[in-house]
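# Examining the three-dimensional arrangement
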2 protein chains.
Amino acid sequence: MRTFFSALPLAALAAPSLAAADKPVTPNDVIDAAPASDWRRIAPGDLMVMDLAPGAKGKPRRVVIQLMPAPFSQGWIGNIRKLVAAHWFDGIAVVRVQDNYVVQWGDPDGETPGKAKTLPAGLAVVPERSYQVTLSRDPNDWPETDRRWPKIAGHIHALQQVMKRFDQASPAERSPDAYARAAKWALGWPVATNGASYWPVHCYGMVGVGRNLSPDTGTGAELYTVIGQAPRQLDRNIALVGRIVTGMEYLSSLPRGTGALGFYETPEERTPIVSVRMGSDVADLPAYEYLSTESASFAAYIDKRANRKDSFYIQPAGGVDVCNAPVPIRMVKP
Amino acid sequence: MRTFFSALPLAALAAPSLAAADKPVTPNDVIDAAPASDWRRIAPGDLMVMDLAPGAKGKPRRVVIQLMPAPFSQGWIGNIRKLVAAHWFDGIAVVRVQDNYVVQWGDPDGETPGKAKTLPAGLAVVPERSYQVTLSRDPNDWPETDRRWPKIAGHIHALQQVMKRFDQASPAERSPDAYARAAKWALGWPVATNGASYWPVHCYGMVGVGRNLSPDTGTGAELYTVIGQAPRQLDRNIALVGRIVTGMEYLSSLPRGTGALGFYETPEERTPIVSVRMGSDVADLPAYEYLSTESASFAAYIDKRANRKDSFYIQPAGGVDVCNAPVPIRMVKP
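The notes below deal with the structure included here.

Definitions and limits used
Residues numbered from 1 in each chain as written. Chains lettered and ligands numbered in written order. Predicted model: local features only at pLDDT ≥ 70, side-chain atom pairs only at ≥ 80, totals over all residues. Heavy atoms only, no water. Disulfide = S-S within 2.5 Å. Helix = DSSP H or I, 4+ residues; strand = E, 2+ residues; numbered from the N terminus. Buried < 20%, exposed > 50% of the residue type's maximum accessible area, 1.4 Å probe, protein only. Salt bridge = Lys/Arg side-chain N within 4 Å of Asp/Glu carboxyl O. Pairing = 2+ DSSP bridges. Axes fitted to C-alpha atoms, helices over the stretch in contact; angles between N-to-C directions. Contact = heavy atoms within 4.5 Å. Polar contact = N/O pair within 3.5 Å; in protein donor to acceptor, adjacent residues only side chain to side chain. Phe/Tyr/Trp six-rings, centres within 6.5 Å; stacked < 30°, edge-to-face > 60°.

As a further point, take the state of the cysteines. All names here are of chain A. Across all of its chains, the model carries two disulfides over all chains by this definition. Residue cysteine 203 pairs covalently with cysteine 323 via a disulfide, S to S 2.1 Å. Negative torsions about the S-S bond denote left-handed disulfides, and the value of about -75° found for cysteine 203 with cysteine 323 makes this one left-handed. In this pair, cysteine 203 is assigned in the loop between β9 (197-200) and β10 (206-209) and cysteine 323 in the loop between α7 (296-306) and β15 (329-332), connecting sequence segments 120 residues apart. By the burial criterion, cysteine 203 is buried, and cysteine 323 matches it.

The next thing to look at is unusual backbone geometry. All names here are of chain A. That bond from alanine 70 to proline 71 is cis: its omega, 15°, falls within 30 degrees of zero. In this fold, proline 71 is placed in the loop between β3 (61-67) and α3 (74-85). Even without glycine at this site, serine 73 takes up a positive phi of about 55°. Relative to the helices and strands, serine 73 is located in the loop between β3 and α3. With relative accessibility at 6%, the residue serine 73 sits in the buried group.

It is worth spelling out the pattern of salt bridges at this point. Residue and element names in this part refer to chain A. In this structure the tally under the stated criterion is 26 salt bridges over all chains. A salt bridge links glutamate 289 to arginine 41, with the nearest nitrogen and oxygen atoms 3.3 Å apart. Taken as a pair, glutamate 289 in strand β14 (residues 287-291) and arginine 41 in strand β1 (residues 39-41) lie far apart in primary sequence, 248 residues in all. Aspartate 177 is the salt-bridge partner of arginine 232, the closest N and O atoms lying 2.9 Å from each other. Residue arginine 232 is located in the loop between β11 (223-226) and β12 (240-246), and its partner aspartate 177 is located in the loop between α5 (152-167) and β7 (182-186); the two are separated by 55 residues in the primary sequence.

Now for the sheet that holds strand β1 (residues 39-41) of chain B. Residues and elements named next belong to chain B. Strand order in the open sheet formed by three strands is β1-β14-β15, with antiparallel pairing between adjacent strands. Edge positions in the sheet fall to β1 and β15 (329-332), since each has one partner strand and no second. Averaged over all neighbouring strand pairs, the angle between strand axes comes to 35°, with direction disregarded.

Bringing the pairing of strand β11 (residues 223-226) of chain B into the picture now. Residues and elements named next belong to chain B. Residue alternation in β11 divides its side chains into two sets, Leu223 and Thr225 and Tyr224 and Val226, and both sets are buried. For strand β5 (residues 102-106) and β11, the ladder comprises four bridges, and the chain directions are antiparallel. Bridge pairing in β11 links valine 102 to valine 226. Pairing between strand β10 (residues 206-209) and β11: three bridges, direction antiparallel. Bridging from a neighbouring strand, glycine 208 pairs with tyrosine 224 of β11.

Let's shift gears to the environment of leucine 123 of chain A. Residue and element names in this part refer to chain A. In this structure, leucine 123 sits in the loop between β5 (102-106) and β6 (133-134). Of the residues examined, leucine 123 reaches a relative accessible area of 18% and is grouped as buried. The sequence separation of leucine 123 and proline 35 amounts to 88 residues, and the corresponding C-alpha distance is 41 Å. When sequence neighbours within four positions are dropped, the list of residues in contact with leucine 123 reads Asn79, Lys82, Leu83 and Thr219.

On to the side chain of threonine 225 of chain A. Residue and element names in this part refer to chain A. Turning to its location among the elements, threonine 225 is positioned in strand β11. A relative accessible area of 0% places threonine 225 in the buried class. A polar side-chain atom of threonine 225 sits 2.9 Å from the main-chain carbonyl oxygen of methionine 206. Setting aside residues up to four positions removed in sequence, threonine 225 forms contacts with Tyr101, Val102, Val103, Trp105, Gly205, Met206, Val207, Ile244, Met248 and Leu251.

Turning next to the side chain of serine 73 of chain A. There is a polar contact of 2.5 Å between the side chain of serine 73 of chain A and the backbone oxygen of leucine 240 of chain A. With residues up to four places along the chain from it excluded, the contact list for serine 73 of chain A reads Met68, Leu240 and Val241 of chain A.

With that settled, the discussion passes to the pairing of strand β12 (residues 240-246) of chain B. Residue and element names in this part refer to chain B. Counting buried positions along β12 gives six out of seven residues, so the element sits mostly inside the fold. In terms of strand pairing, strand β3 (residues 61-67) meets β12 through four bridges, oriented antiparallel. Residue pairing for β12: valine 64 is matched across the bridge by threonine 246. Inspection of the sheet shows β10 paired to β12 by three bridges, in the antiparallel sense. Bridge pairing links methionine 206 to arginine 243 in β12.

Once that is clear, we can look at the environment of aspartate 32 of chain A. All names here are of chain A. Relative to the helices and strands, aspartate 32 resides in helix α2 (residues 27-33). Classification of aspartate 32 by relative accessible area gives exposed; the value is 53%. Spatially, the C-alpha atoms of aspartate 32 and lysine 82 are 37 Å apart, while their sequence positions differ by 50 residues.

Residues and elements named next belong to chain B. Spatial strand order, β2-β3-β12-β10-β11-β5-β4-β13: eight strands in a closed barrel with antiparallel pairing. Between one strand and the next, the sheet's axes are offset by a mean angle of 35°, whatever the strand orientation. The sheet strands contacting helix α2 (residues 74-85) are β2 (47-52), β3, β10, β11, β12 and β13 (271-278), and the helix crosses β13 at an angle near 105°.

Residue and element names in this part refer to chain A. Applying the stated criterion across every chain yields a total of 10 aromatic pairs over all chains. Relative to tyrosine 301, the ring of phenylalanine 298 lies with its centre 5.7 Å away and its plane at 50°, an arrangement referred to as tilted. Of this pair, phenylalanine 298 and tyrosine 301 both sit in helix α7, separated by three residues, roughly a single helical turn. The burial state of phenylalanine 298 is the same as that of tyrosine 301; both residues are buried. Ring geometry for phenylalanine 312 against tyrosine 313: centres 5.5 Å apart, planes inclined by 70°, an arrangement best described as edge-to-face. Using a relative accessible area of 0% as the deciding quantity, one classes phenylalanine 312 as buried. Judged by relative accessible area, tyrosine 313 falls into the buried class, the value being 8%.

Below is the structure:
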């Protein structure tokens, strides 16, 4: 009997590596074949481990977030490190889930004078200009706050690496983008440019800093992650600080809020956050690695994402959106 | 006290119309101000009403799907109408939820000889070429099956309307696209073209036909919807037949499957589908309208999506992805 209605109709899309010598190479084949030298270990000190209250049947719900490296968003990330060190996030909650948009967590009483949780001392007020890192090789063009960063030389070097990536000419990476002159992957992250400046972009699973109206830019005490189509209109308007490495499904599958903007209407609907710790302070944490976006394996991966030729595909796309090719991340036992 | 951590930090993104005369116009302002003549009623006979088993606390979970109009995918849509008429979908289940990809429903025993649910007689086998509708104004260039469609003249007229939309020159609609020469909205749907042919695109909430490996194209008995970043690589490779009009949150918030490709590993995890009926056979169904993609209001909406200038935004994007500006749909009491 011909099975018109296979239980695995999309099998070829994400199948594990099964490619024989005569079969077309899939993106997963490329990832599986990448040499160890093309993978980069994520420092545990750049991981934020967020334990939600257990789910149905007491199932643990751990979300691991990778913070972004220099030159991006280091002002807010410094604040977030202080908030984690002060255990400030412990006891807050997921307060908003808006379908095809964001999951947001913070202090449910943050707007209520007298009830709002006190922030630790010494948080930076980051200027709007820091939403993007300017192209200039002269740090005098950078905002004053940024110029005070201790590792300024390292930041300039990192920016130069980003610029170098945009000079590279991998065909699939030159796919047109509706929001920028160019968008590709650099230092392990999705990045865009208008030619004058560079910025990280709002893809699925990216983590950003909630804020009020401009010129407020947020402290980092209220965070969100994207759970739908990339809201690229937020690029350069809200600071991105990281991405979900594992546990995304515990956030993306939460019930949608029924209040305005997807806020929960009752406290009972909120998901409590039990604790947030840096990965370096969590004993049993596995190690995580990402595929270097500067590696030959990554270039091959992007090429295969743009040009699927295995038997499931009739028409290769010929291009790929920067948010439709997540940087591969794998868990490795420490 | 300065509220760095507002409970409504993204308020301006999706706020209802609050614009005073001196405030910048938002996309929602445009939708709210659109005259009745710019809205199109969706015929109840083009709506598919899918009732899932009740959720927690017995909450009803109704999903309403709009089927696509000619000239797209009418072969599969004819099959789906036959399946609904035969009550074939009643008693099947959501079998797969893969994060940032798809929710899929079908016969859980579809692959098991002897157990698979018998399909109604008379379903069409739709050829691969029907994944796209060719540009040619000469129906002799269309696949033989398509040429047998009863309303061939109407299909040609519809294609001509699509072509006409692509000749229009609204600046925001000319945003670059990684997957096609051009992508915009026509006849109420997101559509792309390579210059020679036109096809509907895989945006969040679009509904498509599960299939096995080529040349199988699926019958329509197994369907999926997109719950993440638009998987545009599926365009022209799998048939799209509709979109979720309401109730998307009941699908997108389902627990992710832990088996390969997000399939559930036990029958208990599946969400049963109680019944699927055409809207014309459901007594208490509200009416739904979409904003005509050929209207001046829609052009203004797209322009505002591409160029947000209200106080939340510091940097207008200057462009918009075809999947990041859903066609506005509203419920109206019948």
